[in-house]
Amino acid sequence: MNSQAADLIISNMRAYIYDNEPTDPRLPHEAIPSIPISIDVLDKLGVQHVTIPTEEDWEAGINKLADERDYKSRDALDISRAGLGDEFEDKLRGFWTEHLHEEEEIRYVLEGSGYFDVREGNTTDKWIRIAVTAGDLLILPPGIYHRFSVGQEGKAHLVRLFKDKPFWTALYRNEETDASVFNKQYVETYNARLLST
Ligand SMILES: CSCCC(=O)C(=O)O
Ligand SMILES: [Fe+2]
């Protein structure tokens, strides 16, 4: 694990195997008995996490991380009915549909809670669910398939950080994305990390 990854893995968030029940995604969906996923597994996936308590000067924490990782811009998104109004359901559907990005996905939870589900490699049979609440910052590597749901309170107020200009393009999973350089790079890196242990 490189030192930057090590610095970031100061974590109290929870990750576990999703139970694949066809019920409300806002429920915890923790398999019974629970199958916890360790920080080491997340590290191999390139998923990084740090807690920056919102009670403290969280902006100083975000600014430090942005300087260290050269994130040049940010915006905020209040994913709630109050924040998005009529767009709420549509936006939730978009986040919930399995997709990848060409760049890192960096999200800091200011208020509320939610779940990031990620694929281990290019599996299609299971999800790893990462539960996040206020103070959690999660970094997903380019090319990893993922989706997002708000938690049971139906609200997640997030700061989104970007390498350059704020832009958000979700590439929804299909044969083309499976063959994309972004997903291939992610899978190759993941497999190489598996072999190096
Ligand atoms: C807005 S929270 C995270 C949802 C997501 O996967 C995304 O923004 O691409
Ligand atoms: Fe995404």
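Residues numbered from 1 in each chain as written. Chains lettered and ligands numbered in written order. Predicted model: local features only at pLDDT ≥ 70, side-chain atom pairs only at ≥ 80, totals over all residues. Heavy atoms only, no water.

- With an unreviewed UniProt entry as reference, the protein chain is termed Acireductone dioxygenase, source organism Botryobasidium botryosum.
- Turning to the protein chain, the UniProt annotation filed under Sequence similarities (unreviewed entry) states: "Belongs to the acireductone dioxygenase (ARD) family."
- We quote the UniProt Pathway (unreviewed entry) comment for the protein chain here in full: "Amino-acid biosynthesis; L-methionine biosynthesis via salvage pathway; L-methionine from S-methyl-5-thio-alpha-D-ribose 1-phosphate: step 5/6." (UniProt positions renumbered as here; feature names shortened; annotations may be inferred.)

### Things to note about the coordination of the iron ion (ligand 2)
- Bound to the iron ion (ligand 2) are the protein donor atoms His99 (NE2), His101 (NE2), Glu105 (OE) and His146 (NE2), situated 2.0 to 2.2 Å from the metal.
- The coordination sphere of the iron ion (ligand 2) comprises 6 donor atoms, whose angles at the metal cover 77 to 172 degrees; the geometry is octahedral.
- Sequence spacing among the residues donating to the iron ion (ligand 2) works out to H-x1-H-x3-E-x40-H. (Donors = N, O, S within 2.8 Å, 3.2 Å for Na, K, Ca; no water. Tetrahedral: all angles 85-135°; square planar, octahedral: opposite > 155°, others 65-115°.)

### A few points about the site of ligand 1
- For ligand 1, the full set of nearby residues is Ile79, Phe95, His99, His101, Glu105, Arg107, Phe116, His146, Phe148, Leu158 and Trp168.
- At a separation of 2.9 Å, an oxygen atom of ligand 1 approaches a polar side-chain atom of Arg107.
- Taking His146, its side chain carries an N or O atom lying 3.2 Å from an oxygen atom of ligand 1.
- Taken by itself ligand 1 offers 280 Å² of open surface, and the protein chains cover 100% of this.
- Those elements giving two or more residues to the shell around ligand 1 turn out to be strand E5 (105-118) and strand E8 (146-150).
- Looking at the shell around ligand 1 element by element, the count peaks at 3 residues for E5. (Near = heavy atom within 4 Å. Polar contact = N/O pair within 3.5 Å; in protein donor to acceptor, adjacent residues only side chain to side chain. Areas by Shrake-Rupley, 256 points an atom, 1.4 Å probe, with all protein chains shown as cover. Helix = DSSP H or I, 4+ residues; strand = E, 2+ residues; numbered from the N terminus.)

### So, the UniProt feature "binding site: Ni(2+)" (unreviewed entry) in the protein chain
- With numbering matched to this structure, UniProt assigns "binding site: Ni(2+)" (unreviewed entry) to His99, His101, Glu105 and His146. What stands out for the annotated residues spanning 48 residues is how close their C-alpha atoms remain, the widest pair being 11.4 Å apart.
- Tracing the sequence through the fold places His99 in strand E4 (residues 99-100).
- Excluding anything up to four places from it in sequence, His99 contacts Gly94, Glu105, Ile144, Tyr145, His146, Arg147, Ala170, Leu171, Tyr172 and Arg173.
- Within the structure, the side chain of His99 is placed 3.1 Å from the side chain of His101, a separation counted as a polar contact.
- In this fold, His146 is placed in strand E8. (Contact = heavy atoms within 4.5 Å.)

### Some thoughts on helix H5 (residues 88-96)
- All of the buried residues along H5 are Phe88, Leu92, Gly94 and Phe95. Projected onto a plane normal to the axis of H5, the buried residues spread over an arc of 160 degrees and lie on a single side.
- Its buried side turned inward, H5 meets strand E3 (73-79), helix H4 (81-84), E4, E8 and strand E10 (171-172). (Buried < 20%, exposed > 50% of the residue type's maximum accessible area, 1.4 Å probe, protein only. Arc of directions from axis to C-beta.)

### Side note on the environment of Asp164
- Within the element layout of this structure, Asp164 appears in the loop between strand E9 (156-162) and E10.
- A relative accessible area of 40% means that Asp164 is categorised as partly exposed.
- If near-sequence neighbours (up to four positions away) are discounted, Asp164 is found in contact with Lys72 and Ser73.

### Looking at the nonpolar core
- Leu42, Leu45, Val47, Ile79, Ile128, Ile130 and Phe148 are the most contacted members of the largest nonpolar core, which totals 29 residues.
- In this structure, Val50, Tyr108, Ile139 and Val159 belong to the second largest nonpolar core, which totals 14 residues. (Core = buried A, V, L, I, M, F, W, Y, C linked by side-chain atoms within 4.5 Å.)

### Section: the pairing of strand E7 (residues 136-140)
- The element E7 is largely enclosed, with a buried count of 5 among its 5 residues.
- Residues Asp136, Leu138 and Leu140 point to one face of E7 and Leu137 and Ile139 to the other, with burial holding for every one of them.
- Strand direction decides the pairing type here: strand E2 (residues 48-51) and E7, joined by 4 bridges, are antiparallel. Counterpart to Gln48 in the pairing with E7 is Ile139.
- For E5 and E7, the ladder comprises 4 bridges, and the chain directions are antiparallel. (Pairing = 2+ DSSP bridges.)

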